Amino acid sequence: MNGTMRHVATAAKAVVLGAWLLITLFPLYWILVTSLKPKSEIFSMPLKYWPGEVTFEHYEELFSFADFGVYLLNSLIVSLVAAGVVTAVGVLGGYTLARFAFPGRGAVMLAFLVTQMIPLFIALGPLYLLMSDLDLLNRLSGLMLVYVAMLVPFATIIMRGFYERVPVALEEAAQVDGASRLVAMVRVVIPVMLPGIAATFIFAFVQCWNELFLAITFIDSEDAKTIPVAMNSFITQYDIDWGSMAAATVISVLPTLVLFAAIRRYIVEGLTAGAVKG
Amino acid sequence: MRFVETRAALLFISPWILGFLIFTAWPVINSAYLSLTDYDVINDPSFVGFDNYKTLFEDPKVGLALRNTFIFMVMSVPTQLVVSLGLALLLNSATRATGFFRTAFFLPKMTPPVAVGILLLMLFNGQSGLINGFLGIFGIDGPAWTTDPNWVKPGLVLMSLWTVGSSVVIILAALRGVPQELYDSAVVDGAGWWKRTLRITVPMISPTLFFLFIVDSINALQSFTEAYTAFFGSGNTTYSNDAALFYAIYLFQQAFEFLHMGYASALAWLLFIVIMAITVVQILVTRRFVHYEGGNP
């Protein structure tokens with residue numbers, strides 16, 4: 001390949017990557033701009049790529065008329081608590097799978113794989129009845145419980161992967177120095193693992209924050225709705241309030257994007273945690 | 001020591017075992033039983049044998065929903081795979097800002113699926129959407145993506161490409177694992193970029209592509225949220241559209257709108273069987289093309 005051809009190839013690559021970058025980011029920009037446009041401008045043709053005048057009326061409307069504050073708080077509580085519990089269970093379970101040889105270890109891994117294979121739909125009806133029997137329908141605690149149950153396998157497997165990167169020698173050295181196994185874990189292993197633990201927490205948080213299917217199944221009352229459930233009901237038969245919907249979308253996307261910046265390095269682990277060999 | 005270790009292990013792992021028994025094993029068994037009953041949540045389930053399964057084959061909506069879901073899978077899975085492979089190859093050969101692009105491409109995957117459904121309605125709106133506005137620049141009169149039955153699925157497929165970033169990241173990680181020596185010797189032998197890509201890169205990352213192919217297909221067969229939000233939101237009949245009635249949506253409607261729990265359970269088992277059958281066929285057909293370093297397992 002001569003010099004000119006190489007330059008052409010590099011330029012072509014840059015153009016394609018740049019175009020896809022635009023495709024990726026522009027919808028996010030578009031929803032932000034739409035949320036700041038006055039109603040009259042949202043559907044004006046030709047399209048306005050920048051609001052003529054910036055307004056926060058849709059955000060005000062969302063919080064004054066639509067109870068969005070309640071949904072926001074519900075989503076935060078459910079996601080934070082569920083992700084916290086999931087991470088704690090994952091820290092213990094992952095350590096167990098990575099460091100202990102015990103009878104039934106194979107069965108546990110198999111159970112995990114089975115959980116990943118079964119479509120959620122099969123369990124949905126009985127889960128609903130179970131929640132109903134336990135009087136946990138329309139309660140945040142019920143939703144948290146289901147989220148924890150659904151995410152524990154994922155958190156355990158991803159934590160196991162992180163533990164396996166920490167040399168066993170590190171713990172053994174501490175134990176030789178007289179520390180008990182528990183102390184060795186808390187003082188030596190956990191500090192090394194902190195970034196991984198944070199990543200697991202954030203993955204779990206985002207899963208709960210974004211989840212619609214289970215939430216819409218178990219939550220029907222206004223005071224227990226999470227953001228996705230509320231957003232799903234914004235599209236009504238006769239009226240779509242695009243401005244408020246855009247504002248709600250911006251609020252729903254914001255926390256996940258901020259958290260994402262913190263876990264960039266762990267994306268691959270998070271994506272493939274379900275695909276490990278047992 | 002061994003006993004202590006086993007006891008500790010079981011203690012640490014017990015939340016998972018409990019969760020598995022209560023929230024997976026029991027519901028699955030119960031669902032198999034429910035699928036043989038007539039059950040409306042209010043009255044006790046009454047046993048009806050295989051009636052629900054017989055009804056499945058006579059219900060025209062089941063056929064429609066299955067057809068919609070298959071068409072969506074056949075359209076979206078290969079498109080996603082080709083686009084993500086292309087982007088990953090470009091990123092892999094780029095020298096600068098790879099990390100930035102990787103991060104940026106992944107962003108849509110962090111967006112709530114409900115928001116993706118809403119974005120679809122806004123971007124693909126026939127009169128005032130961004131897509132048709134863009135096409136208008138070139139004098140193209142874009143279709144009514146969200147209302148014309150023929151264009152609903154293509155719109156959903158295009159929207160699904162927006163979240164292709166996770167596949168790009170996985171393929172990119174696999175590309176990084178291909179040994180450089182292979183390329184070096186191929187260059188010595190005079191192989192051009194295309195030849196190297198087709199003969200070395202693709203075979204070397206074929207286990208990853210195969211994994212994505214299977215996982216994407218299983219996910220496509222269970223598609224729910226984006227289409228449900230865009231076309232079946234509560235009270236939403238303006239946009240609801242038979243063309244977007246995916247199998248999972250129909251199942252959900254049967255369970256929670258019509259309260260046919262027994263029938264919905266039978267629907268769920270049919271979906272499970274279909275997913276299993278398709279996965280097995282895919283594995284059998286594509287296994288020949290997958291190259292595992294160190295021999296096939």
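These figures come from a predicted structure and were not determined experimentally.

**Quick look at the overall build of chain A**
Moving on, step 1. Counting its secondary structure elements, chain A contains 13 helices and zero strands.
Moving on, step 2. What you see in chain A, going N to C, is helices and strands ordered as α-α-α-α-α-α-α-α-α-α-α-α-α.
Moving on, step 3. In terms of overall size, chain A is more extended than a compact globule, its C-alpha atoms giving a radius of gyration of 24 Å where 278 residues would be expected to give roughly 19 Å.
Moving on, step 4. Taking the principal axes of its C-alpha atoms as reference, chain A extends roughly 70 × 70 × 35 Å.
Moving on, step 5. Here chain A holds 278 residues, and 52% of them are scored as buried.

**Observations concerning the domain arrangement of chain A**
Quoted interface sizes are often the accessible area lost when the parts come together.
Residues and elements named next belong to chain A.
Moving on, step 1. The assigned domain composition of chain A is domain 1 (3-55) and domain 2 (66-275).
Moving on, step 2. The C-alpha centroid of domain 2 is placed 33 Å from the C-alpha centroid of domain 1.
Moving on, step 3. Note on domain 1 versus domain 2: buried area summed over both sides is about 590 Å², and carbon and sulfur give 86% of it.
Moving on, step 4. Three residues, Ile-31, Ser-35 and Phe-43, lead the burial of domain 1 against domain 2; their summed loss comes to 53% of the area buried on that side.
Moving on, step 5. Here domain 1 is connected to domain 2 by zero salt bridges.
Moving on, step 6. Taken together, domain 1 and domain 2 are joined by zero residue pairs in polar contact (both at pLDDT 80 or more).
Moving on, step 7. Contributions of two or more residues to the side of domain 1 that touches domain 2 are made by α1 (3-36) and α2 (39-42).

**A word on a nonpolar patch on the surface**
Moving on, step 1. On the surface, Leu73(A), Leu76(A), Ile77(A), Leu80(A), Val81(A) and Val85(A) cluster together into a nonpolar patch covering about 450 Å² of accessible area.
Moving on, step 2. Here Leu80(A) is to be found in helix α4 (residues 68-99).

**Here's the deal with the pattern of salt bridges**
Residue and element names in this part refer to chain A.
Moving on, step 1. Enumeration according to the criterion identifies seven salt bridges over all chains in this entry.
Moving on, step 2. Glu-171 is the salt-bridge partner of Arg-99, the closest N and O atoms lying 2.6 Å from each other. Residue Arg-99 is found in helix α4, and its partner Glu-171 is found in helix α8 (residues 168-176); the two are separated by 72 residues along the sequence. There is no split in this pair, since Arg-99 and Glu-171 are both buried.
Moving on, step 3. In this structure, Glu-164 and Arg-160 form a salt bridge, with 3.7 Å as the shortest nitrogen-oxygen distance. Here Arg-160 and Glu-164 lie together in helix α7 (residues 140-165), a separation of four residues that amounts to about one turn.
Moving on, step 4. Its relative accessible area of 44% is what places Glu-164 among the partly exposed residues.

Cut-offs applied
Residues numbered from 1 in each chain as written. Chains lettered and ligands numbered in written order. Predicted model: local features only at pLDDT ≥ 70, side-chain atom pairs only at ≥ 80, totals over all residues. Heavy atoms only, no water. Helix = DSSP H or I, 4+ residues; strand = E, 2+ residues; numbered from the N terminus. Rg over C-alpha atoms; globule rule 2.2 N^0.38 Å. Buried < 20%, exposed > 50% of the residue type's maximum accessible area, 1.4 Å probe, protein only. Domains from an automatic or database assignment. Buried area = accessible area lost by both parts, 1.4 Å probe. Salt bridge = Lys/Arg side-chain N within 4 Å of Asp/Glu carboxyl O. Polar contact = N/O pair within 3.5 Å; in protein donor to acceptor, adjacent residues only side chain to side chain. Patch = residues over 30% accessible without salt bridge, like charges linked within 9 Å, V, L, I, M, F, W, Y side chains within 5 Å. Areas by Shrake-Rupley, 256 points an atom, 1.4 Å probe, with all protein chains shown as cover.

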